[in-house]
Amino acid sequence: MADRPFGLLAEFDSPEALLKAARKTREAGYRALDAFTPFPVEGLARTLRLPRPKISWVGLFGGFAGSAFALLMQSYVSYDFPLNVGGRPVYALSAFAVVTFELTILFSALSMIVALLWQNGLPRLNFPLFAARRFHLASKDRFFLCVESRDAAFDEQGTASFLKGLGAISVELVPS
């Protein structure tokens, strides 16, 4: 198992070629696919069947937690250290609005940052694809499709020839 490669990385020169190759690869029965592009490609996430991120829900619940924390904190302070200034009620919710708003935004933003890092598997200090010879071009002008070796349909020789047949400029075996 230690000598098993991470997968095969196919390089394409246009987003259309990558999208077409991803569709054909998906139709051929490959499921462990990933794509790397210098900019978003319309329809690629649907083709690869990437899960929808849950970050907006995390932000909503973080905002609710921030609001609840702010209201409870201010209510406790008003109860434990009451100040009777000018006949002000002990629980003046309108006076709590600014702090409640600020903590709602803060908790929502921080929870979304943590969720973003967690869902993307970051911080990732090393990834097998970083060792690929031409992978640095993914942030410049090339488009890459990776078929991982954990895929049930993966066969090193067969998958490499299949990707070459889809018009890949190069197909590289990526070690683990």
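Structure's up top.
Residues numbered from 1 in each chain as written. Predicted model: local features only at pLDDT ≥ 70, side-chain atom pairs only at ≥ 80, totals over all residues. Heavy atoms only, no water.

A. Structural view of the nonpolar core. Counting 20 residues, the largest nonpolar core has F12, L18, L44, L48, L145, V147 and L163 as the members making the most contacts within it. Secondary-structure elements contributing two or more residues to this core are β1 (7-12), α1 (15-27), β2 (33-36), α2 (44-48), β3 (143-148) and α5 (156-165). It is α1 that contributes the most residues to this core, four residues altogether. Discounting residues that sit within four places of it in the chain, L48 has contacts with A22, R26, L33, D34, A35 and L145. Membership of the second largest hydrophobic core comes to 12 residues, among which are F127, L129, A132 and C146. (Core = buried A, V, L, I, M, F, W, Y, C linked by side-chain atoms within 4.5 Å. Buried < 20%, exposed > 50% of the residue type's maximum accessible area, 1.4 Å probe, protein only. Helix = DSSP H or I, 4+ residues; strand = E, 2+ residues; numbered from the N terminus. Contact = heavy atoms within 4.5 Å.)

B. Geometry of the layout of surface pockets. Of the pockets and cavities examined, the largest pocket occupies roughly 570 Å³. If you trace the largest pocket, you find 18 residues lining it, with D34, L50, Q119, N120 and R124 closest to the centre. Split into classes, the residues belonging to the lining of the largest pocket amount to 10 nonpolar, two polar and six charged. For the second largest pocket, the calculated volume is near 190 Å³. Residue lining of the second largest pocket: P51, R52, P53, K54, I55, L116, Q119 and N120, and that is the complete set. Taken together, the residues that form the lining of the second largest pocket break down as four nonpolar, two polar and two charged. (1 Å grid on protein atoms, 1.4 Å probe; cavity = no way out; pocket = protein on both sides within 12 Å on 5 of 7 lines; lining within 4 Å. Points joined across faces, edges and corners; volume = space filled by probe spheres on them. Nonpolar A, V, L, I, M, F, W, Y, C, P; charged D, E, K, R; others polar.)

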